[in-house]
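# Descriptive analysis of the structure
Residue-level listing of the chains:
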Amino acid sequence: MAWPSIFQRGTLLSQFSHHHVVVFLLTFFSYSLLHASRKTFSNVKVSISKQWTPSAFNTSIELPVEIWSSNHLFPSAEEATLFLGTLDTIFLFSYAVGLFISGIIGDRLNLRWVLSFGMCSSALVVFVFGTLTEWLHFYNKGLYCSLWIVNGLLQSTGWPCVVAVMGNWFGKAGRGVVFGLWSACASVGNILGACLASSVLQYGYEYAFLVTAAVQFAGGIIIFFGLLVSPEEIGLPGIEAEENFEEDSHRPLISGAENEDEAEPNYSIQEDKTITQVKAISFYQACCLPGVIAYSLAYACLKLVNYSFFFWLPFYLSNNFGWKEAEADKLSIWYDVGGIIGGTLQGFISDVLQKRAPVLALSLLLAIGSLVGYSRSPNDKSINALLMAVTGFFIGGPSNMISSAISADLGRQELIQGSSEALATVTGIVDGTGSIGAAVGQMRKLMPRQKVTDCWSHSNAWGELIRKEDLRTTNVPRETRGYRDYQVRSRL
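Here the structure is a predicted model, which is why all the values come from computation and not from measurement.

### Quick word on the packing of helix α9 (residues 185–200) against helix α17 (residues 333–353)
Packing of α9 against α17 brings their axes to within 8 Å, and their N-to-C directions diverge by 160°. With respect to α17, the element α9 is oriented roughly antiparallel. Crossing geometry of α9 relative to α17 is assigned as left-handed. For the pair formed by α9 and α17, the contact residues are S187, V188, N190, I191, A194 and C195 on the first element and I333, D336, V337, G339 and I340 on the second. Residues that form the contact of α9 with α17 fall into these classes: seven nonpolar, three polar and one charged.

In structure tokens, the structure reads:
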């Protein structure tokens, strides 16, 4: 088993220039900001649910319409929670569709333009959704759904573009550990979003959206003026030229090129005409590449579980254990910490073994036990945080590997060296399929709750009005209360 060249003494520092460091940081924080804005919505669900439901029931049963003001959308917190879950599902479906489209666009347009446009436009949509509507006291279900569909499409420009840029700058040598560390951008974004939301949540949930949207918009401006999408833009050799001088021993996904003699001339990028020869492959060709469909389907199952934690973990902690919303937001960070450690360590191990699949398979098997253990977590913050970190290690780690390092491997196969503009398309296919799986999971969670929600809302309102009537007629004889209950029931 050969030790990867990037880990040999002195190789790591000599291989990367300051341009590599700048690209690493810019792409890292650009996607972190995109994920922070998504996490903000997850962290303020309790506050939004309270804002959209009546704060108190009217003491009079003669005018039941007045038990909530005109700005409340739902008669109960349960129905508000159901709508929030519907927004998650809408976002994931639009995000999945956008990933397929954004990957194709990213391989045909300047990646910097696409990424900057997506970040700035998404920031404006988030601002309108969470801040402007609250300032204007304008609440409308159709508007919320429309804005979140647009937000999903705009957010989808992020991941294919940043993975493609990283794939242009970092070759196969040590890609597992480099991309494993870099893929922590999503977890760092979750942590950043949780911290920003919890810091201003006391002033109102609209300020959580305002802060994250402002920071994301500023990040989009920086990306537009500062990101270099490939080494060729500043006259440096591309990664294909560097890999031409060393044996390609890191092939976790493909057994080898069938015609290496035909692919070898395409490695040279010393002349300008080579860059002009690069041609983006079609969507169908990208799907037919070895490993793309298999890893896409596996990622769909994995992302279903991962995004269940992403969307509902703070809400679950707050409602199941009775912890304050700000405390639940901060505690949920430990899941992302486990994902950061898991992605980096498992990427390092896969580089040493020069294989990805065995590491992923073992991690996912252990993830089953971690999920069972976390489902039985006691009402203790320390134990809950520990189990949460272990679960994030075995679920978030493989998720980061598939969406970053393995996607880069798939998009840089030897079979497409003559048409290497496939990285964004392949990344969009893998992540888009994963998002469809996550959306189906969210939708499946909502479907069986619809009838239960309707029954719960009706029985809760009926019981509340009965209780209010009890306070007003405590001296009514027992034999007359049946008629009174009938009257209240008829009003519902």
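### Focus on the packing of helix α2 (residues 18–43) against helix α4 (residues 77–106)
The axes of two packed helices give the description: the angle between them and the distance between them. At their nearest, the axes of α2 and α4 sit 11 Å apart, and the two run at 155° to each other. For the element pair α2 / α4, the angle class is roughly antiparallel. Facing Y31, R38 and F41 of α2, the residues of α4 in contact are L84, L87, D88, F91 and Y95. Among the residues forming the contact of α2 with α4, the class breakdown is six nonpolar, no polar and two charged.

### Notes on a nonpolar patch on the surface
On the surface, V97, I101, I105, L109, I149 and L153 cluster together into a nonpolar patch covering about 490 Å² of accessible area. Contributions of two or more residues to the nonpolar patch are made by α4 and α6 (141–155). No other element matches α4, which puts three residues into the nonpolar patch. Within the secondary structure, I105 is located in helix α4. Using a relative accessible area of 35% as the deciding quantity, one classes I105 as partly exposed.

### Remarks on the pattern of salt bridges
Enumeration over the complete set of coordinates arrives at five salt bridges. Residue E327 is joined to K381 by a salt bridge in which the shortest nitrogen-to-oxygen separation is 2.8 Å. Of this pair, E327 sits in helix α16 (residues 325–331) while K381 sits in helix α19 (residues 381–411), and the two are 54 residues apart along the sequence. A single network of salt bridges, built from pairs that share partners, joins D351, R356 and D409.

### Quick word on helix α8 (residues 175–182)
Of all eight residues in α8, seven are buried; the element is thus mostly enclosed. Taken together, the buried positions of α8 are R175, G176, V177, V178, F179, G180 and W182.

### Focus on the nonpolar core
In this structure, W52, L87 and W182 are the most contacted members of the largest nonpolar core, which totals 77 residues. Sequence-distant contacts of W182, that is, excluding residues within four places in its chain, are made with F24, T27, F28, W159, V162, V163, M166 and S404. In terms of nonpolar packing, the next biggest core, distinct from the first, is built from 32 residues, Y335, A385, F394 and A422 among them.

### A look at the environment of P314
Inspection of the secondary structure puts P314 in helix α15 (residues 292–320). Separated by 14 residues in sequence, P314 and A328 have C-alpha atoms that sit 5.1 Å apart. The residues contacting P314, other than those within four sequence positions of it, are K39, S42, N43, F309, A328, D329 and S332.

### Some details on the side chain of S435
Looking at the element boundaries, S435 is found in helix α20 (residues 423–446). Take S435: its relative accessible area is 0%, and that puts it in the buried class. With sequence-adjacent residues up to four places away left out, S435 is seen in contact with L92, Y95, A96, L99 and K303.

### Observations concerning the packing of aromatic side chains
Scanning the entire structure with this criterion turns up 24 aromatic pairs. Ring geometry for F24 against F28: centres 6.1 Å apart, planes inclined by 15°, an arrangement best described as stacked. Note that F24 and F28 are positioned in helix α2 at a spacing of four residues, about one turn of the helix. What makes F28 buried here is its relative accessible area of 9%. Residues Y205 and F209 carry aromatic rings whose centres are separated by 6.2 Å and whose planes lie at 85° to one another, so their mutual orientation is edge-to-face. A residue pair is termed a helical-turn pair when its members lie 3 or 4 positions apart in one helix, as Y205 and F209 do in helix α10 (residues 205–226) at four residues. In this pair, the class of Y205 matches that of F209, namely buried. Among the aromatic residues, those joined into a ring-pair cluster are F41, W52, F83, F91, Y95, F129, Y144, W148, Y205 and F209. If you follow R112 out to its NZ or CZ, it ends over the ring of F224, 5.5 Å from the centre.

### Considering the side chain of T157
Relative to the elements of secondary structure, T157 occurs in the loop between α6 and α7 (158–169). The residues touching T157, leaving out its near neighbours within four places in the chain, are S102, V114, L115 and G118.

### Comments concerning unusual backbone geometry
Non-glycine residue H137 carries a positive phi angle of around 55°. By the secondary structure assignment, H137 is in the loop between α5 (111–135) and α6. The phi dihedral of Q354 falls on the positive side, at around 60°, and the residue is not glycine. With respect to the helices, strands and loops of the structure, Q354 is situated in the loop between α17 and α18 (357–375). We classify Q354 as buried; its relative accessible area is 17%.

### Things to note about the confidence of the model for the protein chain
Reading predicted coordinates in detail is not appropriate for stretches of low pLDDT. Averaged over every residue, the pLDDT of the protein chain is 76; the share at 70 or more is 72%. Scored below 50 in pLDDT, residues 245–277 makes 44 contacts in the model with residues more than four places away or belonging to other chains. Long-range and interchain partners of residues 448–492, a stretch whose pLDDT sits below 50, account for 36 contacts in this model, where long-range means more than four residues apart.

### Quick notes on the environment of A123
Inspection of the secondary structure assignment puts A123 in helix α5. Put simply, A123 and N151 are 28 residues apart on the chain and 8.6 Å apart in space, counted from C-alpha to C-alpha. Other than its neighbours up to four places away in sequence, A123 contacts A213, Q216 and F217.

### Overview of α7
The end-to-end C-alpha distance of α7, which contains twelve residues, comes to 17 Å, matching closely the 16 Å that a straight helix rising 1.5 Å per residue would cover. Listed in full, the buried residues belonging to α7 are G158, W159, P160, C161, V162, V163, A164, V165, M166, G167, N168 and W169.

Rules used throughout
Residues numbered from 1 in each chain as written. Predicted model: local features only at pLDDT ≥ 70, side-chain atom pairs only at ≥ 80, totals over all residues. Heavy atoms only, no water. Axes fitted to C-alpha atoms, helices over the stretch in contact; angles between N-to-C directions. Helix = DSSP H or I, 4+ residues; strand = E, 2+ residues; numbered from the N terminus. Parallel < 35°, antiparallel > 145°, perpendicular 65-115°, else oblique. Left-handed = near helix turned anticlockwise from the far one by under 90°. Contact = heavy atoms within 4.5 Å. Nonpolar A, V, L, I, M, F, W, Y, C, P; charged D, E, K, R; others polar. Patch = residues over 30% accessible without salt bridge, like charges linked within 9 Å, V, L, I, M, F, W, Y side chains within 5 Å. Areas by Shrake-Rupley, 256 points an atom, 1.4 Å probe, with all protein chains shown as cover. Salt bridge = Lys/Arg side-chain N within 4 Å of Asp/Glu carboxyl O. Buried < 20%, exposed > 50% of the residue type's maximum accessible area, 1.4 Å probe, protein only. Core = buried A, V, L, I, M, F, W, Y, C linked by side-chain atoms within 4.5 Å. Phe/Tyr/Trp six-rings, centres within 6.5 Å; stacked < 30°, edge-to-face > 60°. Lys NZ or Arg CZ within 6 Å of the ring centre and 35° of its normal. pLDDT = per-residue confidence, 0-100. Expected span 1.5 Å × (residues − 1).

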